[in-house]
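Summary of the model geometry
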Amino acid sequence: MITLGGVTRLTGSGLSMVEWKPLMGVIPPIGEEAWQETFDKYKQFPEYQKVNRGMDLDGFKSIFMYEYLHRVLGRLIGVLFFVPMVFFAMKGRVRAGVMPRLWILFALGGLQGLLGWYMVKSGLVDNPRVSQYRLTAHLGLAVIIYAYMLWVAFDLLFRSRSGAHPRAGFSRVLVVLVYLMILSGGLVAGIRAGFAYNTWPLMGTSFVPAGLYAMEPAWLAMFEDITTVQFNHRIFAYLLFGIIHLFAWLAWRDGLDGRGRVAMGLLLAALWLQVVMGISTLLLHVPVWLAAAHQAGAVALLSAALFASHVLVKQTH
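Nothing here was measured: the structure is a model prediction, and the numbers come from that model.

**Here we look at the overall build of the protein chain**
- Counting its regular elements, the protein chain contains eleven helices and zero strands.
- Against the compact-globule benchmark of 20 Å for 317 residues, the protein chain has a radius of gyration of 22 Å, which places it among compact chains.
- The C-alpha extent of the protein chain, read off along each of the three principal axes, is 65 × 65 × 35 Å.
- Of the roughly 16,300 Å² of accessible surface on the protein chain, a fraction of 69% belongs to carbon and sulfur atoms.
- One finds the centroid of the 26 positive side-chain charges in the protein chain at a distance of 14 Å from the centroid of its 16 negative side-chain charges.

**Examining the environment of Ser16**
- Of note, Ser16 is situated in the loop between α1 (2-10) and α2 (32-43).
- Note on Ser16: relative accessible area 1%, which makes it buried.
- In sequence terms Ser16 and Glu67 are 51 residues apart; their C-alpha atoms lie 6.9 Å from each other.
- Residues within four places of Ser16 in sequence aside, it is in contact with Tyr42, Glu47, Phe60, Ile63, Phe64 and Glu67.
- A polar contact of 2.7 Å, which involves the side chain of Ser16, links it to the backbone oxygen of Ser13.

**Concerning unusual backbone geometry**
- The peptide bond linking Trp200 to Pro201 adopts the cis configuration, its omega dihedral lying at 5 degrees.
- Residue Pro217 is reached from Glu216 by a cis peptide bond, and omega for that bond is -5 degrees.
- Among the secondary structure elements, Pro217 is positioned in the loop between α7 (168-190) and α8 (221-224).
- Here the phi dihedral of Tyr197 falls at roughly 50 degrees; this positive angle occurs in a residue that is not glycine.
- When you line up the elements, Tyr197 lands in the loop between α7 and α8.
- On the basis of relative accessibility, which here comes to 27%, the residue Tyr197 falls in the partly exposed class.
- With phi around 65 degrees, His285 is a residue other than glycine that occupies positive phi space.
- Within the secondary structure layout, His285 lies in the loop between α10 (258-283) and α11 (288-314).

**What about the side chain of Arg71?**
- Within the secondary structure, Arg71 is located in helix α4 (residues 57-90).
- From its side chain, Arg71 meets the backbone oxygen of Glu19 in a polar contact 2.8 Å long.
- Setting aside chain neighbours within four positions, we find Arg71 in contact with Met17, Glu19, Trp20, Trp117 and Val120.

**Digging into the environment of Lys43**
- With respect to the helices, strands and loops of the structure, Lys43 is situated in helix α2.
- We classify Lys43 as partly exposed; its relative accessible area is 29%.
- If sequence neighbours within four positions are ignored, Lys43 has contacts with Gln36, Tyr48 and Gln49.

**Here's the deal with the pattern of salt bridges**
- Inspection of every chain in the model, using the stated rule, returns seven salt bridges.
- Linking Lys41 and Glu19 is a salt bridge whose minimum nitrogen-to-oxygen distance equals 3.3 Å. Linking Lys41 in helix α2 with Glu19 in the loop between α1 and α2, this pair joins segments that are 22 residues apart in sequence.
- Residue Lys41 is classed as partly exposed on the basis of its relative accessible area of 25%.
- Judged by relative accessible area, Glu19 falls into the partly exposed class, the value being 36%.
- Across the pair Arg101 and Asp155 runs a salt bridge, and its minimum N-O distance is 2.8 Å. Highlighted residues: Arg101 in helix α5 (residues 99-121) and Asp155 in helix α6 (residues 132-157), separated in sequence by 54 residues.

**Looking at the UniProt feature "transmembrane region" (unreviewed entry) in the protein chain**
- Cross-referencing UniProt, the feature "transmembrane region" (unreviewed entry) maps to residues 72-90, 102-119, 139-158, 170-195, 235-252, 264-286 and 292-313 in the present numbering.
- In residues 102-119, helix accounts for 100% and strand for 0%; the two terminal C-alpha atoms are 26 Å from one another.
- Measuring from the first to the last C-alpha atom of residues 170-195 gives 34 Å, for a span that is 81% helix and 0% strand.

**Some points on the packing of α10 against α11**
- It is at 8 Å that the axes of α10 and α11 come closest, and there the two elements cross at 160 degrees. Taken together, the axis directions place α10 and α11 in an arrangement best described as roughly antiparallel. Considering how the two elements wind past one another, α10 and α11 form a crossing that is left-handed.
- For the contact of α10 with α11, a count of residues per class yields 19 nonpolar, seven polar and one charged.

**Overview of α11**
- Between its first and last C-alpha atoms α11 spans 39 Å; for 27 residues at 1.5 Å apiece the expected length is 39 Å, and the two agree.
- The buried fraction of α11 is high, at 19 of 27 residues.
- One or two residues past the end of α11 sits Gln315, with phi positive at roughly 50 degrees.

Basis of the calculations
Residues numbered from 1 in each chain as written. Predicted model: local features only at pLDDT ≥ 70, side-chain atom pairs only at ≥ 80, totals over all residues. Heavy atoms only, no water. Helix = DSSP H or I, 4+ residues; strand = E, 2+ residues; numbered from the N terminus. Rg over C-alpha atoms; globule rule 2.2 N^0.38 Å. Areas by Shrake-Rupley, 256 points an atom, 1.4 Å probe, with all protein chains shown as cover. Lys, Arg positive; Asp, Glu negative; His and termini not counted. Charge placed at Lys NZ, Arg CZ, Asp CG, Glu CD. Buried < 20%, exposed > 50% of the residue type's maximum accessible area, 1.4 Å probe, protein only. Contact = heavy atoms within 4.5 Å. Polar contact = N/O pair within 3.5 Å; in protein donor to acceptor, adjacent residues only side chain to side chain. Salt bridge = Lys/Arg side-chain N within 4 Å of Asp/Glu carboxyl O. UniProt positions renumbered as here; feature names shortened; annotations may be inferred. Axes fitted to C-alpha atoms, helices over the stretch in contact; angles between N-to-C directions. Parallel < 35°, antiparallel > 145°, perpendicular 65-115°, else oblique. Left-handed = near helix turned anticlockwise from the far one by under 90°. Nonpolar A, V, L, I, M, F, W, Y, C, P; charged D, E, K, R; others polar. Expected span 1.5 Å × (residues − 1).

The following block contains the structure:
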């Protein structure tokens, strides 16, 4: 779901559906007349008028389907979650203490749908681009839902032992840092900063490019200036690269059982893969398939960090 959202963004498809129909929206246009009517509605909005003027119906169908599949997948996930949850609850087959967590997940899923439409609305006005703030919030909530769901799954799969590993606290900090890194990537995507400075390790002709924090006020550049946003994303990546290696070394030094060693191996493998994909995405001028893989890699890295944290915090076996 997160990866498809990234593809929708990368292909410029997110504003192709200009209406929000939570129930009837699962039915796509059927027949040329229905497609033309949907296309005519799209033509009334700024993206067609300022970006895609002259697009034909076949071109519209292409971008429409990405956004349509993204929305339908969201609804499908909601049904596949809610119906079994109610069924197993009525049968008394939900483990004690788990039901409140499941309701929280369901509520967050509904909120995510609302936030997605709130994001789309920001691009249906004068500027045919969704707000990078709303885009990052939408991505951030998706990752929170995923992370919470994964943690609940770990609790169900693994039994806890008494006590925690000495690096359990560090592992929690690491999860937060990876999450913040994902939000930083959301800002990069939101203002299309990845299409600038397609060189590495330099940004253009220098490591520290000219024009950093040149906006007034300066702090706003962290969120709206292409140069500053990309530079911050790079520096954050360098710092996280070092911190994760330090964490793995300290945890290993303090002693790890078999599952702990597996967790550290997965964490380092996900990190290195993500670094390679990030640099490649930049140097190749952000191809859709690789940029989507880079976003998926960020979620994989978070998954590995969550697994490592769960192992260390709960000393699972």
